[in-house]
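# Examining the three-dimensional arrangement
Residues per chain, in single letters:
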Amino acid sequence: MKCPFCGSENIRVVDSRPVEESNSIRRRRICEGCGKRFTTYEKVETFPIMVIKKDQTREVYDRAKIEQGILRACHKRPVSSAQISQAVNEVETAIYAKEQAEVLSTDIGEMVMGKLKELDMVAYVRFASVYREFKDADTFMEELKKLLADQ
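As the structure is a prediction and not an experimental result, all values here were calculated from the model. (Residues numbered from 1 in each chain as written. Predicted model: local features only at pLDDT ≥ 70, side-chain atom pairs only at ≥ 80, totals over all residues. Heavy atoms only, no water.)

### Section: helix α4 (residues 121–131)
In an α-helix, one full turn covers 3.6 residues, which means residues spaced three or four apart are oriented alike. Convention followed: Summary of the burial criterion: residues with accessible area below 20% of their type's maximum are buried, those above 50% are exposed, and those between are partly exposed, where the area comes from a 1.4 Å probe applied to protein chains only. The helix count covers DSSP runs of H or I at least four residues long, the strand count covers runs of E at least two residues long, and both are numbered beginning at the N terminus. Contact criterion: two residues are considered in contact whenever any of their non-hydrogen atoms come within 4.5 Å of each other. What qualifies as a polar contact is a pair of N or O atoms within 3.5 Å, subject to a donor-acceptor requirement within protein and to the restriction that residues adjacent in sequence count only when both atoms come from side chains.
Along α4, the residues classified as buried are A123, Y124, V125, F127, A128 and Y131. Elements that come into contact with the buried residues of α4 comprise α1 (63–73), α3 (105–119) and α5 (137–150). Between the side-chain oxygen of the N-cap and the backbone nitrogen of V122 there are 3.2 Å, and the N-cap of α4 in question is D120. Following α4 by one or two positions, E133 adopts a phi angle in the positive range, close to 50°.

### Quick look at the sheet that holds strand β1 (residues 11–18)
Condition: Note on pairing: DSSP must find at least two bridges between two strands before they are called paired. Here an angle of 0 to 180 degrees is reported between the N-to-C directions of two axes, which are lines fitted to C-alpha atoms, with helices fitted over the stretch in contact.
The strand order β1-β2-β3 describes an open sheet built from three strands, whose pairing is antiparallel. Unpaired on one side and paired on the other, β1 and β3 (37–43) mark the two borders of the sheet. Strand-to-strand, the axes of this sheet are offset by a mean angle of 25°, without reference to chain direction. Bridge analysis of β1 against strand β2 (residues 24–31) gives seven bridges, and the strand direction is antiparallel. Bridge assignment links S16 to a residue of β2, and that residue is R27.

### Overview of the environment of P48
For P48, the position within the fold is in the loop between β3 and β4 (50–52). Counting along the chain gives 66 residues from P48 to G114, while the straight-line C-alpha distance between them is 24 Å.

### So, the packing of α3 against α4
What counts is decided by this rule: Each angle gets one of four labels, with under 35 degrees taken as roughly parallel, over 145 as roughly antiparallel, 65 to 115 as roughly perpendicular, and the rest as oblique. Crossings are classed by handedness, with left-handed meaning an anticlockwise turn of the near helix from the far one by less than a right angle and right-handed meaning a clockwise turn. Side-chain classes are defined by residue name, with Ala, Val, Leu, Ile, Met, Phe, Trp, Tyr, Cys and Pro counting as nonpolar, Asp, Glu, Lys and Arg as charged, and the others, Gly among them, as polar.
Packing of α3 against α4 brings their axes to within 8 Å, and their N-to-C directions diverge by 160°. One element, α3, and the other, α4, form an angle in the roughly antiparallel class. Where α3 crosses over α4, the handedness of that crossing is left-handed. When α3 is examined against α4, the residues S105, T106, G109, E110, V112, M113, L116 and K117 are found in contact with a partner set consisting of M121, A123, Y124, F127, A128 and Y131. Its residues placed into classes, the contact of α3 with α4 shows nine nonpolar, three polar and two charged.

### With respect to the packing of α1 against helix α2 (residues 81–97)
Across the interface, α1 lies against α2 with an axial gap of 10 Å and an inter-helix angle of 140°. Considered as vectors, α1 and α2 are oriented oblique to each other. Of the two elements, α1 crosses α2, and the hand of that crossing is right-handed. In this structure, α1 uses R63, I66, E67, I70 and L71 to contact α2, whose residues at the interface are I84, S85, A87, V88, N89, V91, E92 and I95. Partitioned by chemical class, the residues of the contact of α1 with α2 number eight nonpolar, two polar and three charged.

So, in structure tokens, the structure goes:
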């Protein structure tokens, strides 16, 4: 590692601690050459995961898509950003725990729905209406009846 200020390779770690709600380590470093301090983050390198979409196309897994979907579903709902971040982390951990090179988008969608069901029922229904592609009011009502029966 080189100092971002002077380019020296004589660096010392001053402090290390885990980053909350993440699988990474925050390290505070000091350059022995110029004396300046800086922070680095270390994260475990994971293998790339391909997501198989409903139309059978494949794309590289993108955490931001899960986060964006949950954020949309929770818009103007009493769900904190910490809860959203935790839900995204839990879904991502479950995806990597499968240790598979390819994951179905439907599996990811079901995981997200499970987390939203725990967080907020309105957010769950919002996400389900898009994810399950409700065609009419009847299919929407069927989902609501299932939801009410589970409570």
